[in-house]
Structures are given as structure tokens and as C-alpha cells.
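# Observations on the three-dimensional arrangement
Listed below, chain by chain, are the residues.
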Amino acid sequence: MADKNNNSENSEIQKKANFIDLQIEEDLNQGKNESRVHTRFPPEPNGYLHIGHAKSICLNFGIGEKFGGKTNLRFDDTNPSKEETEYVESIMEDVRWLGFDWEEHLYYTSDYFGKLHEFAIQLIKDDKAYVDDQDAETIASQKGTPTRSGVESPFRNRSVDENLDLFSRMNTGEFDEGTHVLRAKIDMASPNMHMRDPFIYRIIKAHHHRTGDKWCVYPMYDFAHGQSDYWEGITHSICTLEFEVHRPLYDWFVDQLQETDYRPRQIEFARLNLTYTVMSKRKLLELVKDGHVNGWDDPRMPTISGLRRRGYTPESIRNFSDKIGVTKVNGMIDVSLLEFSLKNHLNKTAQRVMGVLNPLKVVITNYPENQSEELDAVNNPEDAEMGKRKVPFSRELYIERDDFMEDPPRKFFRLGPGREVRLRYAYYITCNDVIKDANGKIIELHCTYDPATKGGSSPDGRKVKATLHWVSVEHAVKSEVRLYDRLFNDENPDGHKDIDFKEFMNPDSLQVLPECYIEPFVKDANPLDNFQFERLGYFNVDSDSTNKNLVFNRTVPLRDSWAKAQKKK
């Protein structure tokens, strides 16, 4: 019976298996590392995480869940000049928000600074590391090319005692930054450039957010990465594709530590690239520092905090990550797939309400003054259990200005003089008069309603060609609405060699509408609450909202107006 269950579980994994799953399955079948699965997500706390990191989070924690293993959250805090506690806290919030729990498995590379330092000293004693006094530019010139061997440093054959003395003095602060580095002594003729005596320690005189001023030397990522994996018992170290050429170095360092059959295995996958998006943390930081956006959580940013504030849900991002899968080939994913994943989730879960963004007043002249009534409205047609709500209706309403034309063309079926339309959940109305101001701008419509059409259908069977959303002037909640669009108007803003990516910024990526009106259902809404504004799109409550001023962000429109606009160009 047990074998049958195992076969069933293996078959379920096989159905959804990608190349990483298959490699893990192979390791498990061979009994490697005691048939354990232990992954890690190792962000550097030098900025906010973006959607590419979200894919990695979902992948690493997902593997842990799929194979009944564990996943560590480890902060690669090896460069104090760029790291801040703010980033650590934001990363933990992002991982939790995506629905993952590292439980007691929270680590920092700085936890291992002492052990890494001791390991470096052992490498020196074993004549496998040396201190180089040359500057970075000189060392780079000696590295050679992929087809030409490098040149050995004149300091490569220093004595062990001299190297130990110099490394100790590097850490006491005697030398300036950039004057000395500790290098692994491997092979300056290796066809892999990363094996040509790589840096393993450099001098950084900066305050560390956890260790303070204890250290003046800090390990390079390549040196700290594999060792941290090894000491934590990681079995599968999942990295993006650019680390594939680093794998021999990863293995070389592990070889120097390995004392048993256990060893971590590095596996690489292609990083996420999205259209109309920049994914470089350095460039995102540039946008923040230069004031092109309003912080890391600006809803136009691809950061997880920006997506969250804009109204994306954890489920939509996890579903997107599952849908795009993992590959070994770099490519570009259309951002509309991310938007589709969101719409697909919100369609099933978001509360429907009516909101008017560009209001035009309508007076129902044959509706009694000082009277109102409550009409039944469906909260979500995709989920009957969400029930219904009451929507107030009165003599004076707001409709969208775009839903009226004084001289409508043939294919415009919405409201016009003498035309009859349906008001959602309410009545049929007919436009009788158009009121304009002194400049000829339409400021008000006078209409009549048919009381027999309550609920939106006519007892005599007559049909109308349009249904409009609306709100009651007396009851509507005045709100600010921020219409967000894509931050860049080029499909690959980072792909133009001689043009700065900021040249492709979309000047229309944010439009603020200060006077919109939403039905009163939203009056007690909280930040991050999601709604579908009927006929318009998905919106959520922004963190700038107050009791006196609700602020909504447009998360995504119902229709892909962007694609339509691009086709017209």
C-alpha cells in the first residue's frame, strides 16, 4: 500500500514537473543527502524585492512544499555599504505576504562571518589563498581572456606567514579600501574566467547593520554562498542562469569544506524578464533616488511592495509564477500575462461596486424630489455566496461623461438626446434635455425614467442597447482615483545599447482624478481592499486614504486598452 501511495505522489509530481523537479527527483531516488530536500531564498538587503524575486521565492518555497522539505530565508548581507535594516524588514514582509513561512529557518550570511574568516585563514595555511596588493584594474588586466590564459600576480607565491600577517592587518583597518584583496589560488589558465584566482575578501570600511564595526574585511558572494549553503544543510541551491559559470567555483569551495558524503547542488534557471519593465535593482534605485517615482512602493514599480499597493494579490502572483514555469533559456514574458493572472483571480473574488470617474450630472425630472430608494445589486456574479447589497437611487445621479454624446455616431449605443438606456440594477431612462454652461460645456442632463422597468427590464418587452453604471449624488462617496499605467512605453526599455532606459518613461503613467464618486458601500473600506468598479476595471484602496478622503488606485482596466492603442500606432 505504501508503494502505491509513493507511486501516486511521484506521478502527481511528474505531471507538473519541470527540469528542476526532475533533477531533485533523481537525487531523491539515488538517496543523496539522506533523501532530504532543503532549499533557500538568499536576497541581498540592498533594495526592495521585485517580481523577478517573487518568482524565485515561489520557486524555492514551492519546491520545499512540493517535496516535503524545508526552505531557509537567508540575507546575503556581505556588503554593508549598500545594505539597510529597512530592506531586511521589507523583504520579510514580502515573503510573508506571498504566503510563505520560513518558520525558524531565518539566517544571515553575517551569522557566518567568524566561520568564513576562519575558513579563509585555513585556505591561506593550505597555500590556497594569498593577499594581492594590486589594484582592481591591474588585476583585471592580468585575468586574460576566455581564449588566452591569465598572468599570475607577482604576489601569488608569497609565504603563508606573510599572507596571514597581511590578511590580519586588512581586518584591523590598517589598509585603505581597494589596496589589498584576498584571492583564492586556483588556476590562472582555467578556461573558466571565474576560476582564475577570484577575489574572496575585500576591504570595506562601513558600519554593518548587524555586526557594527567589528569587521573591515567582507567576503565576496561567491565565497560566502556555497559555504553558507553547506553549513545550513542546503541540498539544492537554486540560482538564476548567470550563476551557471560560477558553479565550478561554488563546487571548488565546497570541496575544501566537505567532510562527509553530503554536499549541496547548485541548479540554475532563467531569470524573469517582463515587457515594459526594468528589473535591475540598481536602475530601480535610480528611479527612486532621482524622484521619477514616489518611492519603492510606487504602484508603477515592479517591486512586490509596489504591486501590493497597486492591488495585486498574492494568489495572482503565485499563479503567474506557476503559469510561466522555469526554463534554461532567457526570454521575455509579456506583462499582459501577469495582468491576466490578476484579472482572473479578482474576477472570482473582488467585490463589485459602481463608481463614476468623470462625472456628468443627471436629473430624473419625473422622479419625486426628496425621495430615494434602495435597489438590489449583485456583489459578485462569479460567486453567489457573496450575496447582494443595497444601492441607493435618487432623483439626481452621476454617470460617466463618456457615456453621453450630444450627436452620437452610428455605432455609439449609449445615452444621447431622445435615446433610452438601462441604468444598472435600476430603471430605463430617456434623455430629454441637455444643459450647458456659458462656454457651451455640457453640465447636466435632464432625463425621465420608466417606473415599470425597475430592476432593468421592461414588462412590454422593449430592448435597449446599453447599460450604464451610475451613483446617487446624495449618497455617493467623493474620492480621489489614481489611474496607473505602464511606467515605460517601450517593450524593452533596458534593451537599447546607446539610449538611457529613462528616455522610454511613459509620461501618462499616472493620472490623478481628484473628484470621483463611488457608491456608499466603500465608505468603510480599508487599504488594500480590492473592488471591481463595474465597466471600468479593478481598483484598490491606497495607503494614502484617510477617513475624510478615500484614495483608490486603478490596478488594471477590464480591457487591454494598451494593446489596442499600440495597434493604432
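Here's what I pulled together on the structure shown here. Being a predicted model, the structure only gives us computed values, none of them experimental.

What follows covers helix α4 (residues 85-97). Here α4 spans 18 Å end to end across 13 residues, near enough to the 18 Å set by a 1.5 Å rise per residue. Looking only at α4, the buried set comprises Tyr-87, Val-88, Ser-90, Ile-91, Met-92, Asp-94, Val-95 and Trp-97. Following α4 by one or two positions, Gly-99 adopts a phi angle in the positive range, close to 100°.

Before going further, it helps to examine the sheet that holds strand β7 (residues 217-219). Reading across from one edge, β4-β5-β6-β7 is the order of the 4 strands in this open sheet, with antiparallel pairing throughout. Edge positions in the sheet fall to β4 (129-132) and β7, since each of these pairs with one other strand and no more. Ignoring which end each strand starts from, the neighbouring axes of this sheet average 25° apart. Of the strand pairs in this sheet, strand β6 (residues 199-203) and β7 are connected by 3 bridges, and their pairing is antiparallel. Its bridge partner being in β7, Arg-202 is matched across the sheet by Tyr-218. The sheet strands contacting helix α7 (residues 160-172) are β4, β5 (181-184), β6 and β7, and the helix crosses β4 at an angle near 60°.

This brings us to the sheet that holds strand β2 (residues 70-75). If you trace the 3 strands from one edge of the open sheet to the other, you get β1-β2-β3, paired in parallel fashion. The outermost strands of the open sheet, each flanked by one partner alone, are β1 (38-41) and β3 (106-108). Ignoring strand direction, the axes of neighbouring strands in this sheet form an average angle of 35°. In this structure, β2 lies alongside β3, joined through 3 bridges in parallel fashion. Bridged to Leu-73 within β3 is Leu-106. Sheet strands in contact with α4 are β1, β2 and β3, and its direction is about 160° off that of β2. Its contacts with the sheet place helix α8 (residues 221-232) against β1, β2 and β3, and it is angled at close to 145° to β2.

Looking at where Ile-139 falls in the secondary structure, it is placed in helix α6 (residues 136-142). Here the alpha-carbon distance between Ile-139 and Val-151, two residues 12 residues apart in the chain, equals 9.0 Å. Setting aside its immediate chain neighbours within four residues, Ile-139 contacts Asp-132, Gln-134, Val-181, Arg-183 and Phe-199.

Turning our eyes to something else, we now look at the state of the cysteines. Two cysteines whose sulfur atoms are joined by a covalent bond form what is called a disulfide. As enumerated under the stated definition, the model contains 0 disulfides in all. Here Cys-58 is not disulfide-linked; the sulfur of Cys-239 is the nearest cysteine sulfur, at 17 Å. For Cys-58, a relative accessible area of 11% gives the class buried. Left without a disulfide partner, Cys-447 is nearest to the cysteine sulfur of Cys-431, which lies 4.5 Å away. Residue classification places Cys-447 among the buried residues on the basis of a relative accessible area of 0%.

Even without a glycine there, the phi angle at Asp-127 is positive, about 60°. A positive phi angle, near 60°, is found at Asn-370, a position not held by glycine. Looking at the element boundaries, Asn-370 is found in the loop between β12 (359-364) and β13 (372-378). Judged by relative accessible area, which is 85%, Asn-370 ranks as exposed.

The next subject is helix α3 (residues 51-66). An ideal rise of 1.5 Å per residue puts 22 Å on 16 residues; α3 measures up with 22 Å between its terminal C-alpha atoms. Of all 16 residues in α3, 14 are buried; the element is thus mostly enclosed. Where α3 ends, the next residue or the one after it, Gly-68, has phi of about 65°, a positive value.

The next point concerns the packing of helix α2 (residues 19-29) against α3. In contact at an axis separation of 12 Å, α2 and α3 are set at 40° when each is read in the N-to-C sense. Of the possible angle classes, the one that applies to α2 and α3 is oblique. α3 is crossed by α2, and the crossing has right-handed handedness. Contact with α2, carried on its side by Ile-20, Asp-21 and Ile-24, involves Leu-59, Ile-63 and Lys-66 of α3 and no other residues of that element. Residues of the contact of α2 with α3, tallied by class, amount to 4 nonpolar, no polar and 2 charged.

What counts, and at which threshold
Residues numbered from 1 in each chain as written. Predicted model: local features only at pLDDT ≥ 70, side-chain atom pairs only at ≥ 80, totals over all residues. Heavy atoms only, no water. Helix = DSSP H or I, 4+ residues; strand = E, 2+ residues; numbered from the N terminus. Expected span 1.5 Å × (residues − 1). Buried < 20%, exposed > 50% of the residue type's maximum accessible area, 1.4 Å probe, protein only. Pairing = 2+ DSSP bridges. Axes fitted to C-alpha atoms, helices over the stretch in contact; angles between N-to-C directions. Contact = heavy atoms within 4.5 Å. Disulfide = S-S within 2.5 Å. Parallel < 35°, antiparallel > 145°, perpendicular 65-115°, else oblique. Left-handed = near helix turned anticlockwise from the far one by under 90°. Nonpolar A, V, L, I, M, F, W, Y, C, P; charged D, E, K, R; others polar.

Nothing here speaks to function; it is geometry throughout.
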